[in-house]
Amino acid sequence: MDAMNRKTGPSDSGAAPAREARDTDVIVVGAGPTGLLLAGDLAEAGLDVTLLERRPAEISNLTRALVVHARTLEQLDARGLADELVAGGHPLTGLRLFGRATIDPTRLRSRFPFVLVTPQFEVERLLERRARRAGVTFRHDSEVLGLDQDTDGVTVRFRTAGGLGALRAAHVVGTDGVRSTIREAVGLPFPGKSVIRSLVLADVRLDQEPDSPLMVNATGEAFALVASFGGGWYRVIGWDRHRQADDDTPAGLDEIRELTRLALGSDYGMHDARWVSRFHSDERQVPTYRVGRVFLAGDAAHVHSPAGGMGMNTGLQDAANLSWKLASVLQDRAPDSLLDSYQTERHPVGKQVLRTSGALIRVALLPTGPGRAVRTLATQLVNRVRPLSRRAIRTISGIGIAYPAGPGAHPLAGRRAPDVRLAGGGRLYELLRQGRFVLITPADEPGAPQTPTGGDSPRPADGRVVTACWRSARRTALLVRPDGYIAWATDATAPAERAAALRDALAHWTGAEDGTPIATALTPPAHAADTPAGR
């Protein structure tokens, strides 16, 4: 995303007094995928960003996530990263949920109609490279101790090998995982429960190559997953109903071999485990993602069962939702109330992911007997009932996520924008790489890219909107948010009415031509209800 409207820093003479005391615009705590994407977005928008990470730079994160879904790939495409990630991974055209129940991502209307098997560290590698290029300041080996916030900013206290330190910023985002220090510092509870205990993880080499880069099965008594993540290494996850040990109970290669044989019928000749660990999986979610100037995202805000592989994907989409809003507010293009919409939009998504992944793991691990009949019925429903299968893949992939648009909005408002082809041969998600709103109109629309704007013709605020035209003869006008969701649309055909609606939408969402900020957040402009689309 291109830099836009960069704020003056603390040393600039034109800075307001309250901002002169800030060391940085935003502090992001936690250098996992969620924090890296968020920090990179903010830096590319022209903000000064500092990323604090407890781990030393040479120690990589423990990779647990193994799949990237279609909607996340679309978000990465909007940052110019998806094609490189796909090239190094294993695209799958089917994903097993439980028993023989599978979902078919090839039905998705997306540039990425598959599930990508790739380790979390590959996602982190691309996002870290982008963040560093954008100018994010990385401070590793920095353990956050607490924070203090007031009406003007937030001060984060931390400890390094060299002693104690503190940084002040306008906002802080905690992306520091399930044991989030930021969540504890703002006093938020993390209600929920453990959904599955004594999961065993290992990275191993195999003598026999599995039939697929991702093998998974659950028998009711045991569960196992074997996934390739390059270099001849495989991630193995196993569970046995009759062996429920505490997390600190040692686990070894023999145990993971046995678990894999129980669930998959073979251990594929696994050997040379470079590490083996035991853990448990929780279902938890904070009641609010915002406390004043502090936000939570990713595992710091919600954790889920591993079923469906939605955890990392949900965190990355949290970051995509929050980043453009923070940039808009900090660059005086939107009121602070826009930040409240992060909770409004993303908290229900996190709740739905908890429900979906929880249902999947519970069905998969139903004990034998009556549970087997339930699982068989569920398998048949998912595999044979097309509407149910379509809903399942849209939910798990994230393609089906939509946000509330308010009364009087067009039916498309709040929905994901597909990667449409545009006049001149480009794509929508290529334009989204600029980090701005994208206005798509017919070629003969007042305000279209090749049409001079003047007089009463609607015109976007400078630097806030990229304009484009449909390649087809479609007459709908769309305004797409920087995160790839539709902010506004109209099907009005009367020229004066259509121009007035477009003018209102541009002023409402991107600010007036004179640079004044967005008037109100995430509610349709009043004029929208007067158009045929306002229903």
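Residues numbered from 1 in each chain as written. Predicted model: local features only at pLDDT ≥ 70, side-chain atom pairs only at ≥ 80, totals over all residues. Heavy atoms only, no water.

Undergrad: Explain the overall build of the protein chain here, please?
TA: Regarding its fold elements, the protein chain presents 13 helices and 23 strands. A burial count over the protein chain gives 56% of its 535 residues as buried. Pairs at least 24 residues apart make up 71% of the contacts formed inside the protein chain by residues separated by at least 6 positions. When the accessible area of the protein chain is evaluated, it comes to approximately 21600 Å², of which 50% is carbon and sulfur surface. (Helix = DSSP H or I, 4+ residues; strand = E, 2+ residues; numbered from the N terminus. Buried < 20%, exposed > 50% of the residue type's maximum accessible area, 1.4 Å probe, protein only. Contact = heavy atoms within 4.5 Å. Areas by Shrake-Rupley, 256 points an atom, 1.4 Å probe, with all protein chains shown as cover.)

Undergrad: For this particular structure, what's the right way to read the packing of aromatic side chains?
TA: Enumeration according to the criterion identifies 6 aromatic pairs in this entry. Here the aromatic rings of Tyr289 and Tyr342 are separated by 5.6 Å at their centres, their planes lie at 50°, and the arrangement is tilted. Taken together, the residues Tyr289 in the loop between β16 (271–285) and β17 (290–291) and Tyr342 in helix α9 (residues 340–364) connect sequence positions 53 residues apart. Residue classification places Tyr289 among the buried positions, given a relative accessible area of 1%. Residues Phe437 and Trp509 carry aromatic rings whose centres are separated by 6.4 Å and whose planes lie at 50° to one another, so their mutual orientation is tilted. (Phe/Tyr/Trp six-rings, centres within 6.5 Å; stacked < 30°, edge-to-face > 60°.)

Undergrad: What is the right way to read helix α8 (residues 311–330) from this model?
TA: Residues that lie three or four places apart on an α-helix share one face, since the helix turns once every 3.6 residues. When the terminal C-alpha atoms of α8 are compared, their 29 Å separation across 20 residues agrees well with the 28 Å that a helix rising 1.5 Å per residue should span. The buried count for α8 comes to 19 of 20 residues, which makes it a mostly enclosed element. Downstream of α8 by a residue or two, Asp332 has a phi angle that is positive, lying close to 60°. (Expected span 1.5 Å × (residues − 1).)

Undergrad: What should I look at first to understand the sheet that holds strand β7 (residues 115–117) in this one?
TA: In a beta sheet, neighbouring strands are held together by backbone hydrogen bonds and run either parallel or antiparallel to one another. Read from one edge to the other, the open sheet built from 3 strands follows the order β3-β7-β4, with strand pairing classed as antiparallel. Taken across any chain shown, the strands that pair with only one partner, and hence form the sheet edges, are β3 (67–68) and β4 (90–92). In terms of strand pairing, β3 meets β7 through 2 bridges, oriented antiparallel. Bridge pairing in β7 links Val67 to Val117. (Pairing = 2+ DSSP bridges.)

Undergrad: Honestly, the confidence of the model for the protein chain in this entry has me stumped. Any pointers?
TA: When pLDDT is averaged along the protein chain, the result is 84, and 81% of the positions lie at 70 or above. In the model, residues 448–455 has pLDDT below 50 throughout and makes 14 contacts with residues more than four positions away in sequence or in other chains. Note on residues 519–535: pLDDT is under 50 here. Beyond four places in sequence and across chains, it has 49 contacts. (pLDDT = per-residue confidence, 0-100.)

Undergrad: What exactly am I supposed to notice about the pattern of salt bridges here?
TA: It is possible for side chains of opposite charge to pair when their charged atoms get near one another. This model, assessed by the stated rule, comprises 36 salt bridges. A salt bridge links Glu53 to Arg55, with the shortest nitrogen-to-oxygen separation between them at 3.1 Å. Just as Glu53 is buried, Arg55 falls in that class too. Among the salt bridges present, the one from Asp104 reaches Arg107, with a minimum N-O distance of 3.6 Å. Its relative accessible area of 23% is what places Asp104 among the partly exposed residues. A single network of salt bridges, built from pairs that share partners, joins Asp77, Asp83, Arg111, Asp419, Arg427, Glu430 and Arg433. (Salt bridge = Lys/Arg side-chain N within 4 Å of Asp/Glu carboxyl O.)

Undergrad: Explanation requested: the environment of Gln244 in the structure shown.
TA: Structurally, the position occupied by Gln244 is in the loop between β15 (234–240) and α7 (253–264). C-alpha separation for the pair Gln244 and Leu199, spaced 45 residues apart in sequence, amounts to 8.6 Å. Beyond its immediate chain neighbours, meaning those up to four positions away, Gln244 contacts Arg197, Ser198 and Trp239. Here Asp240 takes part through its backbone oxygen, which lies 2.8 Å from a polar atom of the side chain of Gln244. (Polar contact = N/O pair within 3.5 Å; in protein donor to acceptor, adjacent residues only side chain to side chain.)

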